[in-house]
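The primary structure of each chain is shown beneath.
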Amino acid sequence: MKALILLSSLGVISLLAEIFSFKKLLYPLVLLGLTVAFVLNIGEWNTNVTYFKMMQFDNYAVAFTSLIIVVAFLWFLMAEGFFKDETNQTDHYSLVLFALVGAVLMVSYTNMTMLFLGIEILSIPMYILAGSKKGDIQSNEAAFKYLIMGAFATGFLLFGITLVYGSTGSFNLEEIKNAVSVPGTVPSIFYVGVLLMLVGMSFKVSAAPFHFWAPDVYQGAPTMITAFMATIVKTAAMAAFLRLFDDTFHRVEATWAHVLWIMTALTLLTGNITAVFQTTTKRMLAYSSVAHAGYMLLALLAANGYSSSSILFYTLAYSIGSIATFCIISIVANAKGDDGIHSFNGLAKTNPLLAGVMTIALLSLAGIPPTAGFFAKYFIFTSAFMAGNVGLVLIAILASLIGVYYYFRIIIAMYFKEKASEEEIQVDMNHKLLLIVVAFAIIALGLFPDAVIRLL
Amino acid sequence: MNSAIQVIPLEWYLLLSTVLFTIGVLGVLFRRNAIIIFMSIELMLNAVNLLLVAFSSFLSDSKGQVFVFFIMAVAAAEVAVGLAILMMVYRNTKSSDINTLNKLKW
């Protein structure tokens, strides 16, 4: 809760920076604020405070909030250029900070009202940020599609919430859970409501067949915002999804488990197979992000004691891997003017550091030991296997084999293709530092996964 | 107030809202003009509002009506952002037809 208040205040302070002209101080101030928020948030571990039956900072919420703040910190280190280039930079700071507020609400809600508000507080700034390159028609298109699809999904979610409210008389998760504890007494509109909420949440996590907005939005938005969507938005949406379906709707699992089974299989296959045919790296990572949503749904479907810890680890591994890849893509695309895979040809000879970190990050996303991604997939598959979803685990393993193919296309381009030019790409010192830290974190998480997996 | 709402049985509200919601969904899916798409989304949200008020009245519970205020506030924010984005698109394409937005495809 303290972290939430601090983040909101930081957002307001960023808006004031334009008036009182301390724009130059804002960047260090935000980094400092995020550090303090992280420390305050860690202090709430094991306190389990409930606020007005609306939010509960249990260990689940604290763990995911910490994850979001850490990733946001890394994101700010990466995205310094995004704020420097623009004329209205203070707006961008506050929009990003308010989006973080929404993300924290989404991992800590115990009431449907807070879920709805969290999703909207996260989404509305993201619509604006996706269109923040105002003159660029691709960015416009991304913002427009994101807005229409986001609002459309919210409509489904709200209709679902309403039907659940109508049949149980409450928006509170605990009361809903108790109201449906006796099967046969629940009106049938409740089940319709659960399925509509499933559709709404699937839009938000970009699960097939509701994933079609994701590639367009990811490709059109500025690269830094794409990185934000792939990491923080995905983490928050997945955590909210898990909180709702693994706890509240667990007793009516028969209603949604089969639907989710098919959706998970579809997500895994369409995400991975379509990614193979992409020629631009951003669009390929967008499809890969759809595929990663599929792996996380696998743990969600398992709905056992391992789900939350394995999803926490997976989102962490995926987020830091994505931060590294998007950082390198934006550096390379800025230098070469194109984010196609051919831009990476011969990168290992001109910039061995970039190529090395990119390789580690891609190996992690593909799930190859000793990186964090391997254990992330391992825990997910174990949890699904224990729940008896053997068929789905087999599909997931097949899908991740396809995944290895398209991640290796970039690695092969970097190491074995002829380079187009001899020029070395100039990289800022802080970007170099960030990439080295992230690469170490990926390896360290791969070697000592217990540190995170035992938290929940 | 409650009695006025409860003159009509709950099933009718459910039916009306579902029909309105479906019209909204179909409008989003099939109309090509961006403004009409926004209107359809509003229709979806207002169908939800209507149903929430009906449920709230029949359950004698005020929470549903409070939720309607949240939906209205958020819908207003969303439309404000949406129209701003539409203005931005219009400045670049001189059209509000969504078929001009086809640069992102593979």
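Residues numbered from 1 in each chain as written. Chains lettered and ligands numbered in written order. Predicted model: local features only at pLDDT ≥ 70, side-chain atom pairs only at ≥ 80, totals over all residues.

Asker: Give a description of the overall build of chain A that names residues and reports values.
Answerer: Looking only at helices and strands, one finds 20 helices and two strands in chain A. Taken against the 2.2 N^0.38 rule, which gives 23 Å for 456 residues, the C-alpha radius of gyration of chain A at 21 Å falls within 12% of a compact globule. Principal axes of the C-alpha set define a box for chain A whose edges measure 70 × 55 × 40 Å. In chain A, of all internal contacts separated by at least 6 residues, the share reaching a separation of at least 24 is 79%. (Helix = DSSP H or I, 4+ residues; strand = E, 2+ residues; numbered from the N terminus. Rg over C-alpha atoms; globule rule 2.2 N^0.38 Å. Contact = placed C-beta atoms within 7 Å.)

Asker: Now, about the interface of chain B and chain A: what can you tell me, with residues and values included?
Answerer: Every contact between the two is made by 32 residues of chain B and, on the other side, 33 residues of chain A. When residues of the side of chain B that touches chain A are traced back to their parent elements, those giving at least two are α2 (10–30), α3 (34–58) and α4 (63–93) of chain B. Element by element, the count of residues in the side of chain B that touches chain A is highest for α4 of chain B, at 15 residues. Of the residues contributing to the side of chain B that touches chain A, the split by class is 23 nonpolar, five polar and four charged. (Nonpolar A, V, L, I, M, F, W, Y, C, P; charged D, E, K, R; others polar.)

Asker: How would you explain the nonpolar core if you had to name every residue and give the values?
Answerer: Inside soluble globular proteins, nonpolar side chains tend to come together where they are buried. In this structure, Ile68, Met106, Ala236, Leu298 and Ile323 of chain A are the most contacted members of the largest nonpolar core, which totals 205 residues. The residues touching leucine 298 of chain A, leaving out its near neighbours within four places in the chain, are Thr264, Ile380, Ala384, Leu392 and Ala396 of chain A. (Core = buried A, V, L, I, M, F, W, Y, C linked by C-beta atoms within 7 Å. Buried ≥ 20, exposed ≤ 12 C-beta atoms within 10 Å, placed from the backbone.)

Asker: Tell me about the packing of helix α9 (residues 188–205) of chain A against helix α12 (residues 253–276) of chain A, residues and numbers included.
Answerer: All names here are of chain A. Where α9 meets α12, the axes come as close as 10 Å, and the angle between the chain directions of the two elements is 25°. Of the possible angle classes, the one that applies to α9 and α12 is roughly parallel. Judged by the twist between their axes, the crossing of α9 over α12 is right-handed. Mapping the contact onto sequence places Tyr191, Val194, Leu195, Leu198 and Ser202 in α9 and Thr255, Trp256, Val259, Leu260 and Met263 in α12. The residue makeup of the contact of α9 with α12, split by class, is eight nonpolar, two polar and no charged. (Axes fitted to C-alpha atoms, helices over the stretch in contact; angles between N-to-C directions. Parallel < 35°, antiparallel > 145°, perpendicular 65-115°, else oblique. Left-handed = near helix turned anticlockwise from the far one by under 90°.)

Asker: Give me helix α13 (residues 281–302) of chain A: which residues, what numbers.
Answerer: The α-helix advances 3.6 residues per turn, and as a result positions three or four apart in sequence lie on the same side. Between its first and last C-alpha, α13 of chain A extends 32 Å over 22 residues, near the 32 Å set by a 1.5 Å rise per residue. With 22 of 22 residues buried, α13 of chain A lies mostly within the body of the structure. (Expected span 1.5 Å × (residues − 1).)

Asker: If you had to explain the confidence of the model for chain B to someone new, which residues and values would you point to?
Answerer: Of all residues in chain B, 94% have pLDDT values of 70 or greater, and the mean over the chain is 89. Scored as a whole, the predicted complex attains pTM 0.94, and scored at its interfaces, ipTM 0.95. (pLDDT = per-residue confidence, 0-100.)

Asker: Outline the confidence of the model for chain A, listing residues and values.
Answerer: Considering every residue of chain A, the mean pLDDT works out to 91; 99% of them sit at 70 or more. Least confident of the elements in chain A is helix α4 (residues 80–85) of chain A, whose mean pLDDT is 79; most confident is helix α6 (residues 112–130) of chain A, at 95.

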